[in-house]
Amino acid sequence: MTVPAFGEIDPPQRLLMGPGPVNVHPRVLRAMSADMLGQFDPEMTTYMNQTMALYRQVFMTENRWTFLIDGTARAGIEAALVSLIEPGMRVLLIRAGRFGLLLSEIAERIGADIRTLDLEWGEVATPEAIEAAIREHQPRVLACIHGDTSTTMAQPLEDLGTLCRRHDVLSYVDATATLGGMAVDVDGWGLDVVTAGLQKCMGGPPGSSPITISERAAEHIFARRHVEKGIRGADADDGYGARIGSNYFDLAMVMEYWSERRLNHHTEATTMLYGARECARVMIEEGLENRFARHRAAGAAMTAGLRALGLRVFGDDAHRMTNVTGVWIPEGVNGEAIRHRMREDFEIEIGTAFGPLAGKIWRIGTMGYNAMKHKVLLTLGALESTLTAEGFAVPRGAGVDAALMAWNHALPAALRNDRA
Ligand SMILES: *Cc1c(COP(=O)(O)O)cnc(C)c1O
């Protein structure tokens, strides 16, 4: 049987204004076309060490254990949870959206004793509510999401580390959707383990998950280090924790691989490491504060533009992520028809929604390389045209004008040049 050759990969030039993945920074794509190195080649281990140093800046931390998990953002989440949580261990999960539910799905498979702080989609937890839940449940680990793209809300985390340390709880945060777009101040907030991905505000492709681990969390994980059964058994009462229930995601082993000892585990995903390293270099060259300001400006411009079109923005302004905006689909408008026209006529993708918000809101991202003025303006112009075509009257030109004003208002003149 002959197999068709199919075509060379040559995707259309879509502008990805959904909640991720987003268009990749050209410098990152170029870095990813570089050739392979052997995994213990001194050039390769130098790149690995540089990547650790770069991500310490990205995560605003001094944590020695700051490196990459090979896999999408979910790989980082799973590695963190399976390495922190032992079967039967009490955990508290803050669940306010789809990714909060993912935490419980993973914790269930581990066999954790799960307690939850459940919120309506679109709400965030107050420090008082978090502390009350910690007092009630006395967990060993607390896990939550920073920016849950399913709801477009950002959980305030300033007090989380202090609360957790006061009650001897280890904290885990999924910052996939915020890292690179909003401050993720790991040391300032006293967080223990934080993971992310590249395909949102880091402006890279999916497939690598940056992680950072505090000393006390690393100690907890190393105490579960795998040793041959019979020497120090998984269940032996010797002060060592239960063996981590995954080989690939055994952070004790992965940390040994990234340590000076370079104990062989997997083969580091070379191309992804090149990409992750370049994402961080781009971010640090731009400057963290400038980059957060650019995302704030893009979010403010998008929100202002949507409102000027007569649309209602989802959720509370006080807790909105700066890099993805939920907007109610107006009464009588077919949300999928708009998304279809946006894609077919304008090559622009905007996001649909999940769970209780499915069919009710669109989610429009302004992340990483797409958090730029002209991309916001193009998206709003296209939305105006498609809404009109679907019979929903909008004030012509108002969205683009309002967005432009909001962008210029949000940024000092020196930062308005629209380079990411
Ligand atoms: C997008 C997103 C993820 C995605 O995980 P992948 O495995 O990379 O698909 C995880 N968590 C949050 C909060 C996200 O927004």
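Residues numbered from 1 in each chain as written. Predicted model: local features only at pLDDT ≥ 70, side-chain atom pairs only at ≥ 80, totals over all residues. Heavy atoms only, no water.

As named in an unreviewed UniProt entry, the protein chain is Aminotransferase class V-fold PLP-dependent enzyme, taken from Acetobacter estunensis. According to UniProt, the comment filed for the protein chain under the heading Sequence similarities (unreviewed entry) is "Belongs to the class-V pyridoxal-phosphate-dependent aminotransferase family." Per its UniProt entry, the protein chain bears the Cofactor (unreviewed entry) comment "pyridoxal 5'-phosphate". (UniProt positions renumbered as here; feature names shortened; annotations may be inferred.)

Undergrad: What is the right way to look at the UniProt feature "binding site: substrate" (unreviewed entry) in the protein chain in this model?
TA: In the UniProt entry, the feature "binding site: substrate" (unreviewed entry) is given for R363. On the secondary structure map, R363 appears in strand β13 (residues 361-365). A distance of 2.7 Å separates the side chain of R363 from the backbone oxygen of T149, its partner in a polar contact. (Helix = DSSP H or I, 4+ residues; strand = E, 2+ residues; numbered from the N terminus. Polar contact = N/O pair within 3.5 Å; in protein donor to acceptor, adjacent residues only side chain to side chain.)

Undergrad: Whenever I open this one, the site of the ligand confuses me. Can you help?
TA: As a matter of local geometry, the ligand sits amid T72, A73, R74, F99, I145, G147, T149, D174, T176, A177, Q199 and K200. Note that an oxygen atom of the ligand is positioned 2.8 Å from one of the backbone N or O atoms of R74. At 2.7 Å from a nitrogen atom of the ligand is found a side-chain nitrogen or oxygen belonging to D174. Coverage of the ligand by the protein amounts to 87% of the 390 Å² it exposes when considered alone. Assessed atom by atom at 2 Å from the grid points, the ligand resides in the largest pocket. (Near = heavy atom within 4 Å. Areas by Shrake-Rupley, 256 points an atom, 1.4 Å probe, with all protein chains shown as cover. 1 Å grid on protein atoms, 1.4 Å probe; cavity = no way out; pocket = protein on both sides within 12 Å on 5 of 7 lines; lining within 4 Å. Sits in = over half its atoms within 2 Å of the grid points.)

Undergrad: For this particular structure, what's the right way to read unusual backbone geometry?
TA: As a rule of thumb, non-glycine residues mostly have phi less than zero, and peptide bonds are mostly trans rather than cis. Of the consecutive residues G20 and P21, the connecting peptide bond is found in the cis state with omega at 5°. Mapped onto the elements, P21 comes out in the loop between β1 (15-16) and α1 (26-31). Of note in this structure, F6 is not a glycine but carries a positive phi near 55°. Relative to the helices and strands, F6 is located in the segment before β1. Relative accessible area serves as the criterion here: at 69%, F6 is assigned to the exposed category. Positioned with a positive phi, R262 is a non-glycine residue whose angle comes to about 50°. As for its position among the elements, R262 is in the loop between α9 (251-258) and α10 (270-286). (Buried < 20%, exposed > 50% of the residue type's maximum accessible area, 1.4 Å probe, protein only.)

Undergrad: Please clarify how the pattern of salt bridges should be interpreted in this entry.
TA: Scanning the model with the defined rule gives 26 salt bridges in all. A salt bridge links D118 to R95, with the nearest nitrogen and oxygen atoms 2.7 Å apart. Of the two residues, D118 is situated in strand β4 (residues 113-118) and R95 in strand β3 (residues 90-95); the sequence distance between them amounts to 23 residues. Where E344 meets R343, a salt bridge forms, and the shortest distance between an N and an O atom there is 3.2 Å. (Salt bridge = Lys/Arg side-chain N within 4 Å of Asp/Glu carboxyl O.)

Undergrad: When you look at empty space enclosed by the protein in this model, what are you seeing that I'm missing?
TA: Gaps left between atoms show up when a probe the size of a water molecule is rolled over them. Counting across every chain of the model gives 3 cavities of 30 Å³ or more. Size it by volume and the largest cavity reaches roughly 90 Å³. Residue classes in the lining of the largest cavity are distributed as 6 nonpolar, 4 polar and 2 charged. Empty space within the second largest cavity amounts to approximately 60 Å³. Together, H25, V28, M202, G203, C279, V282, R291, R294, G368, Y369 and A420 line the second largest cavity. Counting residues per element, the ones that place at least two in the lining of the second largest cavity are α10 and α11 (288-308). Of the residues assigned to the lining of the second largest cavity, the class counts are 6 nonpolar, 3 polar and 2 charged. Each of domain 1 (26-283) and domain 2 (287-415) contributes no fewer than three residues to the lining of the second largest cavity. (Points joined across faces, edges and corners; volume = space filled by probe spheres on them. Nonpolar A, V, L, I, M, F, W, Y, C, P; charged D, E, K, R; others polar. Domains from an automatic or database assignment.)

Undergrad: How do you make sense of the pairing of strand β11 (residues 324-328) when you look at a structure like this?
TA: Each regular strand shows side chains that alternate between the opposite faces of the sheet. Here β11 lies mainly inside the structure; 4 of its 5 residues are buried. Inspection of the sheet shows β11 paired to β13 by 5 bridges, in the antiparallel sense. Each residue of the ladder has a partner; that of G326, found in β13, is R363. (Pairing = 2+ DSSP bridges.)

Undergrad: How should I be thinking about the UniProt feature "modified residue: N6-(pyridoxal phosphate)lysine" (unreviewed entry) in the protein chain in this particular structure?
TA: Mapped onto the present numbering, the UniProt feature "modified residue: N6-(pyridoxal phosphate)lysine" (unreviewed entry) falls on K200. Secondary-structure assignment places K200 in the loop between β9 (193-195) and β10 (208-213). Ignoring sequence-local partners within four residues, the contact set of K200 consists of P19, G20, V22, T149, T176, A177, M367 and G368. (Contact = heavy atoms within 4.5 Å.)

Undergrad: Quick question: what am I supposed to make of the layout of surface pockets here?
TA: In this structure, the largest pocket spans a volume of roughly 340 Å³. If you go around the largest pocket, you meet 21 residues; those closest to its centre are F99, T149, T176, Q199 and K200. Grouping the amino acids of the lining of the largest pocket by side-chain chemistry returns 10 nonpolar, 6 polar and 5 charged.

Undergrad: Would you take a moment to explain the packing of aromatic side chains for this structure?
TA: Two numbers describe a pair of aromatic rings. These are the distance of the centres and the angle of the planes. Summed over the entire model, instances satisfying the criterion amount to 6 aromatic pairs. Summarising the aromatic geometry, the rings of F40 and Y257 are spaced 6.5 Å apart at their centres and angled 85° between planes, so their arrangement reads as edge-to-face. On the criterion of sequence distance, the pair formed by F40 in the loop between α1 and α2 (42-58) and Y257 in helix α9 is long-range, its members being 217 residues apart. Residue classification places F40 among the partly exposed residues on the basis of a relative accessible area of 41%. Judged by centre distance (6.0 Å) and plane angle (80°), the ring pair of Y47 and Y274 falls under edge-to-face. In this pair, Y47 is assigned in helix α2 and Y274 in helix α10, connecting sequence segments 227 residues apart. By relative accessible area, Y47 is classed as partly exposed at 27%. We classify Y274 as buried; its relative accessible area is 7%. When the ring centre of F99 is taken as origin, the NZ or CZ atom of R98, which lies over that ring, is 5.7 Å away. (Phe/Tyr/Trp six-rings, centres within 6.5 Å; stacked < 30°, edge-to-face > 60°. Lys NZ or Arg CZ within 6 Å of the ring centre and 35° of its normal.)

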